[in-house]
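An overview of the molecular structure
Each chain, letter by letter, is given below.
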Number of protein chains: 2
Amino acid sequence: MGREIFDLQADILKALGHPTRVRIVEGLRGGKRCVCEIMAELQLEQSNVSQHLAVLKRAGVLGSRKDGMKVMYWVNHPEVFDLLDTLQEMVVRRVREQVRLLGHVK
Amino acid sequence: MGREIFDLQADILKALGHPTRVRIVEGLRGGKRCVCEIMAELQLEQSNVSQHLAVLKRAGVLGSRKDGMKVMYWVNHPEVFDLLDTLQEMVVRRVREQVRLLGHVK
DNA sequence: CAAGTTTATTAGGATATTCTAATATGCATT
DNA sequence: AATGCATATTAGAATATCCTAATAAACTTG
């Protein structure tokens, strides 16, 4: 099975390609956090959060480690944040463009 | 329906999260190309390529326009290339790390 | 206008994701 | 040992994605 570069790239993109998982990564900008905090922020079912964390970990985006009674998660590659920043610029630019076009119609 | 920023980010990530679609975008670094060229490069079914192009266009990643008998496609936001570059660095770094760990075992 | 090119669309089955609810696991504390 | 927390795993239904094969649509050209 010839695993090519774009397969690996696609794996990561796919792992990130869900609103909840984007939010999880976004919430980890400040560093490690325990599942309980992540859950509290997302306001979603515990098992659901756990599953999304597992997806991100399986793709290598997150790392984790037990710390006492809690489990801490963190983002493995800081580049992921750049990636989200770039993406944000893109959508902001796009929305701005749409607003501009609407203005012309008015 | 409250469409938030991370929904839009996730839409783009999801659209890019397939090996074939990564390859398509990668092939458009040089600028516009017609479907026939893209197809020839990918060596995949015509309808399959057409569907992947549609996914990328629906997500706003690609634009397209008829040009005579051909249809040309291009990448709308140049940031997408930066995104793929960042991703490539990530996977390369990861692979290097794995190789390093293997070396220790040997 | 008939025929050929290029691309898009549809249909359908196989597989994968996603969510909720229930249950299990691993530690800590009592 | 029993109980309580924090997290993971499993099961299962609903939905989405992906591919192939067939067909349609839009042009161009003879």
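Here, the structure is the one placed above.
Every value quoted in this text rests on a predicted model; they were computed, and no experiment measured them.

The rules we used
Residues numbered from 1 in each chain as written. Chains lettered and ligands numbered in written order. Predicted model: local features only at pLDDT ≥ 70, side-chain atom pairs only at ≥ 80, totals over all residues. Heavy atoms only, no water. Pairing = 2+ DSSP bridges. Helix = DSSP H or I, 4+ residues; strand = E, 2+ residues; numbered from the N terminus. Contact = heavy atoms within 4.5 Å. Axes fitted to C-alpha atoms, helices over the stretch in contact; angles between N-to-C directions. Near = heavy atom within 4 Å. Polar contact = N/O pair within 3.5 Å; in protein donor to acceptor, adjacent residues only side chain to side chain. Nonpolar A, V, L, I, M, F, W, Y, C, P; charged D, E, K, R; others polar. Expected span 1.5 Å × (residues − 1). Buried < 20%, exposed > 50% of the residue type's maximum accessible area, 1.4 Å probe, protein only. Arc of directions from axis to C-beta. Least-squares fit on C-alpha atoms with pLDDT ≥ 70 in both. Lys, Arg positive; Asp, Glu negative; His and termini not counted. Salt bridge = Lys/Arg side-chain N within 4 Å of Asp/Glu carboxyl O. Phe/Tyr/Trp six-rings, centres within 6.5 Å; stacked < 30°, edge-to-face > 60°. Lys NZ or Arg CZ within 6 Å of the ring centre and 35° of its normal.

Residues and elements named next belong to chain A. On the basis of which strands lie adjacent, the open sheet formed by three strands has the order S1-S3-S2 and antiparallel pairing. Of all strands in the sheet, those with a lone pairing partner are strand S1 (33–34) and strand S2 (62–67), marking the two edges. Strand direction decides the pairing type here: S2 and strand S3 (residues 70–75), joined by six bridges, are antiparallel. Residue Arg 65 lies in a different strand from S3, and its bridge partner there is Met 72. Along the sheet, helix H4 (residues 46–58) makes contact with S2 and S3, crossing S2 at roughly 120°.

Neighbouring DNA strand D are 21 residues, the closest being Cys 36, Gln 46, Gln 51 and Tyr 73 of chain A together with His 52 of chain B. The sugar-phosphate share of atoms of DNA strand D within 4 Å of the protein amounts to 60%. Take Gln 46 of chain A: an N or O atom from its side chain is 2.7 Å from a base nitrogen of DNA strand D. Interatomic distance of 3.5 Å between a side-chain N/O atom of Glu 45 of chain B and a phosphate oxygen of DNA strand D. For the surface near DNA strand D, the secondary-structure elements that each account for two or more residues are helix H3 (35–42), H4 and S3 of chain A together with helix H4 (46–58) of chain B. Of the residues in the surface near DNA strand D, the class split is seven nonpolar, nine polar and five charged.

This next bit is on H4 of chain B. Residues and elements named next belong to chain B. In this model H4 runs 18 Å from its N-terminal to its C-terminal C-alpha over 13 residues, within 8% of the 18 Å that 1.5 Å per residue would give. Along H4, the residues classified as buried are Val 49, His 52, Leu 53 and Leu 56. Burial along H4 is one-sided: seen end-on, the buried residues are contained in an arc of 100°. In H4, the exposed positions angled more than 90 degrees off the buried face are occupied by Gln 51 and Arg 58. Packed against the buried residues of H4 are helix H1 (5–16), helix H2 (19–27), helix H3 (35–42), strand S2 (62–67) and strand S3 (70–75).

With that settled, the discussion passes to the relation of the copies chain B and chain A. Under the fitted operation, chain B is carried onto chain A by 0.0 Å of movement along the axis and a turn of 180°, and the coordinates agree to an RMSD of 0.0 Å. The transformation relating the two chain copies, once decomposed into turn and shift, fits a two-fold axis. An overlap of 100% is found between the interface residues of chain B and their copies at the interface of chain A, pointing to a shared contact surface.

To continue, consider the side chain of Asp 7 of chain B. Within the secondary structure, Asp 7 of chain B sits in helix H1. Lacking a salt bridge, the buried Asp 7 of chain B has Arg 3 of chain B as its closest oppositely charged neighbour, with an N-O distance of 4.7 Å.

Let's shift gears to the pairing of S3 of chain A. Consecutive side chains of a regular strand alternate in pointing toward one face of the sheet and then the other. All names here are of chain A. Where S1 lies against S3, two bridges are found, and the strand directions are antiparallel. Each residue of the ladder has a partner; that of Cys 34, found in S3, is Met 72. Two successive antiparallel strands, S2 and S3, enclose a turn made up of two residues, where Gly 68 displays a positive phi of approximately 70°.

Here the focus is the packing of aromatic side chains. Tallied over the full model, the rule gives zero aromatic pairs over all chains. Sitting over the face of the ring of Trp 74 of chain A, Lys 32 of chain A holds its NZ or CZ atom 4.0 Å from the ring centroid.

In this section: the protein's contact with DNA strand C. Neighbouring DNA strand C are 21 residues; His 52 of chain A together with Cys 36, Gln 46, Gln 51 and Tyr 73 of chain B lie closest to it. Put simply, 58% of the atoms of DNA strand C that lie within 4 Å of the protein are in sugar or phosphate. Taking Ser 47 of chain A, its side chain carries an N or O atom lying 3.1 Å from a base nitrogen of DNA strand C. The separation between a phosphate oxygen of DNA strand C and a polar main-chain atom of Cys 36 of chain B is 3.0 Å. Across the surface near DNA strand C, the residue classes tally to seven nonpolar, nine polar and five charged.

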